[in-house]
Amino acid sequence: MPETTAAPGPQPAQFDAEWVRAKYNHERDKRMRPEAVDQYVEVTADFSHYADDPYTERVERDPVRDHVQVAIIGAGLGSIVAAARLREAGVDDIRVLDTAGDFGGTWYWNRYPGVQCDIESYIYLPLLEELNYIPTERYAHGKEIREHLQAAARHYGLYDNALLQTTVTGMEWNDAAGHWAITTDRVDAFTATLVAVSPGSLTRPKLPGIPGINEFAGHTFHTSRWDYGYTGGDESGGLTKLADKRVGIIGTGATGLQCVPHLGEWAQQLYVFQRTPSTVGERGNRPTDPQWAAGLQPGWQRERMENFTRVTCGVEMVVDLVDDGWTRNALSLNDPAVARETARLGREMTLEEITEFLFRTDWEVTQRLRARIDAIVTDPATAESLKAWYRLNCKRTGFHDDYLATFNRPNVTLVDTDGRGVERFTENAVVVNGVEYEIDALIFATGFEVGTEFTRRLGFEIVGRDGLRLSDKWAKGMRTLHGLQTHGFPNCFFLGYTQSGVSPNYTHTAEERARHFAYLVSTFVQRGAGTIEATAEAEEEWLTAMNEAGEKAKAFYADCTPSYLSSEGDKDNPHGMLATNFGGKPVEFFDMLARWRADDTLDGVELR
Ligand code: NDP
């Protein structure tokens, strides 16, 4: 953990790398907490109600005792795409399970006002060509995404055998029978030849471990369980019941950005408690142009999706099909910018020159974002507080067209905690810097559990061959082959972000993994095998490749202000995103999987 560095003097008129570094370090160090991910409160025991489902009435049913070919745990986007690709590969006997009352995953849970996709909907909503659907706007809102995912689940017949409102409590491999035994909180006890575990990576709400969190007697909820009974309105806004309420919101990440404008519009008084500002780029949402949609040729979605990932990871430098904030930032910050500078100089740059050049171009991008704040926010002190001082990719980049202007409203106050976070709660107030802000309701936009053990986030134990527990096997971090299989756990697959290449567009990652999963399962079926399992040697090799690729990402995040991406500054956390994902370019990972399938030798995977 770095020592807290001194605050630099006033900002020089021109770019000064030394000053910028000192400023970034100072802002980072203020935010470092020795507890790292343990600073958050788990939503169990006294806090378990924060994870209750406010959207679907519980329906009683009889326990299920049968056998299915494939059980998929999780009914979110990744599971739906995986099940779709399985069905297309001819595998029909699929059962999807989820705690939620319907399909949708993160889009089932997140229904806060203003909820919207921050990746272009034409590449984020999966299976558009398969369903012959075009989203109505460039950045679709949550309801449309949820309904599309549910339409996809219907299209692929996933409702027929699904167990919703059902939480898996355990999963154990039976070697003699060659199947998994699965138990649930509905007293189900069924078996499955193959299982896919797809819990999502930002699923379990987390709360800040702020002293007095149990003492606050006003109304509280987490953004992923929005209480419209209390606020009135719906996902599109209209929070009329807040007209006489003083509301506090903690959290200014991607979620905070989207719901603060609605809270500001309707609450009598809104306090936004900020620890670290997000960057807020222009969104520029617009309705879909029907003429553009009519001209799309078959295969367009995959082409666009692949192009976006190639542009954002610096591989494609010429054709930018999406052309939005994500791709424009990437083109000015990564390899394309270096290529342009090299051409301008007429010679190769040294590594040191490249590092300095990229540091400066990053500053230029964030400087434009700071200027945007000055242009929109009228109170100079508030504008200053809203400025982010870290490299753009240290945190998930934010985009919104109404967030900043919300702070010009007379009923909205930004409470800048200057990196320290909220001090404590009393029965009726939030305390920052010794000042008590009295409120009626407190909303936690504090994000989701990241960087804790996989099985803790999953909520149940997986017991493999010879009683091997996954929590023991992964106690010092995940061990997989290509992120999908782990030795000792035959016929078990992992979907989502487990040792995978990461595109900013999660749907692309999900799609590539779904293809690989469907290939493995259909090969298993075609060859009439009883078990499919990664070898210990192949797993070891993948771990080495993962660790090598991860070093560059770790070095970048060491200089960053903390976030869930860096396990709150604990970059060596074996359960964090840096350790559990492929740190190289996502397309290297996707291309490697495609080559592996094309070889058709199942290198490192044993069929028996
Ligand atoms: P985040 O984890 O990004 O943000 C949590 C917020 O809570 C941060 O601002 C954090 O501050 C703040 N916080 C935590 N503890 C305290 C404290 N003690 N005092 C004050 N503030 C505190 O969660 P989000 O829900 O905003 O977003 C999570 C992710 O979900 C996004 O990064 C994105 O990947 C995804 N998402 C995607 C959307 C989409 O459109 N596709 C929309 C919304 C979310 P600090 O920054 O200092 O830690």
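Residues numbered from 1 in each chain as written. Predicted model: local features only at pLDDT ≥ 70, side-chain atom pairs only at ≥ 80, totals over all residues. Heavy atoms only, no water.

Chemist: So what exactly am I meant to see when it comes to the overall build of the protein here?
Modeler: Within the protein, the secondary structure is distributed over 21 helices and 23 strands. Computed over C-alpha atoms, the radius of gyration of the protein comes to 24 Å, within 12% of the 25 Å expected from 2.2 N^0.38 for 608 residues, which places it in the range of a compact globule. By its C-alpha atoms, the protein is 70 × 65 × 55 Å across when sized along the principal axes. When each of the 608 residues of the protein is scored for burial, the buried share is 59%. Just so you have it, the protein exposes about 24600 Å², and 49% of that area is on carbon and sulfur atoms. Taken as two groups, the 62 positive and 90 negative side-chain charges of the protein have centres that lie 2 Å from each other. (Helix = DSSP H or I, 4+ residues; strand = E, 2+ residues; numbered from the N terminus. Rg over C-alpha atoms; globule rule 2.2 N^0.38 Å. Buried < 20%, exposed > 50% of the residue type's maximum accessible area, 1.4 Å probe, protein only. Areas by Shrake-Rupley, 256 points an atom, 1.4 Å probe, with all protein chains shown as cover. Lys, Arg positive; Asp, Glu negative; His and termini not counted. Charge placed at Lys NZ, Arg CZ, Asp CG, Glu CD.)

Chemist: Even after reading the chapter, I still don't get the pattern of salt bridges, so can you show me in this structure?
Modeler: Between side chains of opposite charge, a pair can form when the charged atoms approach closely. Inspection of every chain in the model, using the stated rule, returns 50 salt bridges. Across the salt bridge formed by Glu-130 and Arg-85, the nearest N and O atoms sit 3.0 Å from each other. One end of the pair, Glu-130, is in helix H5 (residues 128-131); the other, Arg-85, is in helix H2 (residues 77-88), and 45 residues separate them in sequence. Of the residues examined, Glu-130 reaches a relative accessible area of 29% and is grouped as partly exposed. Judged by its relative accessible area of 10%, Arg-85 is buried. In this structure, the salt-bridge partner of Arg-85 is Glu-511, at a minimum N-O distance of 2.7 Å. Of the two residues, Arg-85 sits in helix H2 while Glu-511 sits in helix H18 (residues 506-526), which places them 426 residues apart along the sequence. By relative accessible area, Glu-511 is classed as buried at 5%. Sharing partners across several salt bridges, the network here consists of Lys-23, Glu-27, Lys-30, Arg-31, Asp-418 and Arg-420. (Salt bridge = Lys/Arg side-chain N within 4 Å of Asp/Glu carboxyl O.)

Chemist: Please explain the packing of aromatic side chains as it appears in this structure.
Modeler: The way to describe two aromatic rings as a pair is by their centre distance and the angle between their planes. Applying the stated criterion across every chain yields a total of 33 aromatic pairs. By way of ring pairs, the aromatic residues Phe-47, Tyr-50, Phe-216, Phe-425 and Phe-444 are connected into one cluster. Over the ring of Phe-190 we find Arg-95; its NZ or CZ atom is 4.6 Å from the centre of that ring. Lys-206 extends its terminal NZ or CZ atom over the ring of Tyr-40, reaching a point 3.9 Å from the ring centre. (Phe/Tyr/Trp six-rings, centres within 6.5 Å; stacked < 30°, edge-to-face > 60°. Lys NZ or Arg CZ within 6 Å of the ring centre and 35° of its normal.)

Chemist: Can you help me understand the site of the ligand in this one?
Modeler: Near the ligand you find 27 residues, and of these Gln-116, Asp-118, Thr-276, Lys-395 and Tyr-564 are the closest. For the ligand, an oxygen atom lies 2.6 Å from a polar atom in the side chain of Thr-255. At a separation of 2.8 Å, an oxygen atom of the ligand approaches a polar side-chain atom of Arg-275. If the ligand stood free it would expose 910 Å²; the protein chains cover 90% of that surface. Looking at side-chain class alone, the shell around the ligand contains 12 nonpolar, 10 polar and 5 charged residues. (Near = heavy atom within 4 Å. Polar contact = N/O pair within 3.5 Å; in protein donor to acceptor, adjacent residues only side chain to side chain. Nonpolar A, V, L, I, M, F, W, Y, C, P; charged D, E, K, R; others polar.)

Chemist: Which parts of the structure should I look at to understand the sheet that holds strand S14 (residues 424-425)?
Modeler: Sheet strands associate in pairs through backbone hydrogen bonding, adopting either a parallel or an antiparallel arrangement. Strand order in the open sheet formed by 3 strands is S14-S15-S16, and the pairing between neighbours is antiparallel. Looking at strand neighbours, the two that pair on one side only are S14 and strand S16 (435-438), the edges of this open sheet. Judged from the 2 bridges that link them, S14 and strand S15 (residues 429-432) form a sheet pairing that is antiparallel. Bridged to Arg-424 within S15 is Val-431. (Pairing = 2+ DSSP bridges.)

Chemist: Explain the layout of surface pockets to me, please; I cannot follow it from the model alone.
Modeler: Sizing a probe to match a water molecule and rolling it over the atoms shows the empty space that remains. The space that makes up the second largest pocket amounts to roughly 380 Å³. Lining the second largest pocket are 17 residues, and of these Gly-281, Glu-282, Gly-325, Arg-328 and Asn-329 sit closest to its centre. Elements that contribute at least two residues to the lining of the second largest pocket include exactly helix H11 (325-333) and helix H13 (351-376). Residues belonging to the lining of the second largest pocket are distributed by class as follows: 4 nonpolar, 5 polar and 8 charged. (1 Å grid on protein atoms, 1.4 Å probe; cavity = no way out; pocket = protein on both sides within 12 Å on 5 of 7 lines; lining within 4 Å. Points joined across faces, edges and corners; volume = space filled by probe spheres on them.)

Chemist: How should empty space enclosed by the protein be read in this particular structure?
Modeler: Inspection of the entire model under this criterion finds 4 cavities of 30 Å³ or more. Within this model, the largest cavity holds a volume of roughly 160 Å³. Elements with a minimum of two residues in the lining of the largest cavity: helix H16 (454-458) and helix H20 (577-580). Taken as a whole, the second largest cavity holds about 60 Å³ of empty space. Residue lining of the second largest cavity: Gln-116, Cys-117, Asp-118, Ala-254, Leu-257, Gln-258, Arg-283, Gly-398, Phe-399 and His-400, and that is the complete set. Of all the secondary-structure elements, those providing two or more residues to the lining of the second largest cavity are helix H8 (254-266) and strand S12 (398-399). At 3 residues, H8 tops the list of elements feeding residues into the lining of the second largest cavity. Split by residue class, the lining of the second largest cavity holds 4 nonpolar, 4 polar and 2 charged.

Chemist: Would you explain the environment of Ala-371 in this entry?
Modeler: In this structure, Ala-371 sits in helix H13. Counting along the chain gives 12 residues from Ala-371 to Ala-383, while the straight-line C-alpha distance between them is 9.5 Å.

Chemist: Which parts of the structure should I look at to understand a nonpolar patch on the surface?
Modeler: A cluster of nonpolar side chains, namely Met-317, Val-318, Val-319 and Leu-321, defines an oily patch on the protein surface of about 350 Å² accessible area. Among the structural elements, Val-319 can be located in the loop between helix H10 (300-312) and H11. (Patch = residues over 30% accessible without salt bridge, like charges linked within 9 Å, V, L, I, M, F, W, Y side chains within 5 Å.)

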